[in-house]
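Residue-level structural notes
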Amino acid sequence: MNGIFIIAHTPLASALRQCVLHVFPDCADTVAALDVQPNVPPEESLAQARMMLRMLGTPGALVVTDVFGATPCNVAQRLVDGVRSKLITGVNLPMLLRTVSYRHESLDALISRAMIGATQGVIQVAVTAPQNQARRQHHDQDHRDHQQ
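The structure contained in this document is the topic of the report that follows.

Thresholds, definitions, all that
- Residues numbered from 1 in each chain as written.
- Predicted model: local features only at pLDDT ≥ 70, side-chain atom pairs only at ≥ 80, totals over all residues.
- Heavy atoms only, no water.
- Phe/Tyr/Trp six-rings, centres within 6.5 Å; stacked < 30°, edge-to-face > 60°.
- Lys NZ or Arg CZ within 6 Å of the ring centre and 35° of its normal.
- Helix = DSSP H or I, 4+ residues; strand = E, 2+ residues; numbered from the N terminus.
- Buried < 20%, exposed > 50% of the residue type's maximum accessible area, 1.4 Å probe, protein only.
- Polar contact = N/O pair within 3.5 Å; in protein donor to acceptor, adjacent residues only side chain to side chain.
- Contact = heavy atoms within 4.5 Å.
- Axes fitted to C-alpha atoms, helices over the stretch in contact; angles between N-to-C directions.
- Parallel < 35°, antiparallel > 145°, perpendicular 65-115°, else oblique.
- Left-handed = near helix turned anticlockwise from the far one by under 90°.
- Nonpolar A, V, L, I, M, F, W, Y, C, P; charged D, E, K, R; others polar.

According to the stated counting rule, one finds zero aromatic pairs in the structure shown. If you follow arginine 113 out to its NZ or CZ, it ends over the ring of tyrosine 102, 3.7 Å from the centre.

So this is what it looks like as structure tokens:
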């Protein structure tokens, strides 16, 4: 089973982990989060990340970060080895939910699942504005329509 390690600007990493645990409460031992604090030297964040990755205790780990080129991603790039741990940036909740669902697959398959979940989870939803909707057939006694 692979671990999932979220490294992001504070408080995003912890917030994403909490969302994942809301849906999959049984995966608490295999999902870790490191909130990178402002004004903390990258070396300190890297040391903490190394310790947390070891504590996951899984044979493989997918490390995900929020923004490419930012401090969390730079720390993660120094953390992963490309064999037992791999890195994806641009984390979002659909990516994480899919990743947790398939964490038992190989690390390479997990990366593919994560990328698909991330992109398919971003959808434009067409919504009709209330003023363009058909009027209700039933009116209140004052003959006014109310928005709900």
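With that settled, the discussion passes to the side chain of asparagine 2. Tracing the chain through its elements places asparagine 2 in strand 1 (residues 2-9). Given a relative accessible area of 7%, asparagine 2 falls into the buried group. Within the structure, asparagine 2 has its side chain in polar contact with the backbone oxygen of glutamate 105 (distance 2.6 Å). Apart from the residues lying within four places of it in its own chain, the contact partners of asparagine 2 are Thr30, Thr58, Gly60, Ala61, Arg103, Glu105, Ser106, Leu107 and Leu110.

A pair of packed helices is captured by two measures, namely the crossing angle of their axes and the spacing between those axes. Following both chains from N to C, one finds helix 1 (residues 12-23) and helix 4 (residues 93-101) inclined at 50°, their axes separated by 10 Å at the closest point. Here helix 1 lies oblique to helix 4, going by the angle between them. Crossing geometry of helix 1 relative to helix 4 is assigned as right-handed. Residues Leu16, Cys19, Val20 and Val23 of helix 1 pack against Leu93, Leu96, Leu97 and Val100 of helix 4. Looking at the contact of helix 1 with helix 4 residue by residue, the classes come out as eight nonpolar, no polar and no charged.

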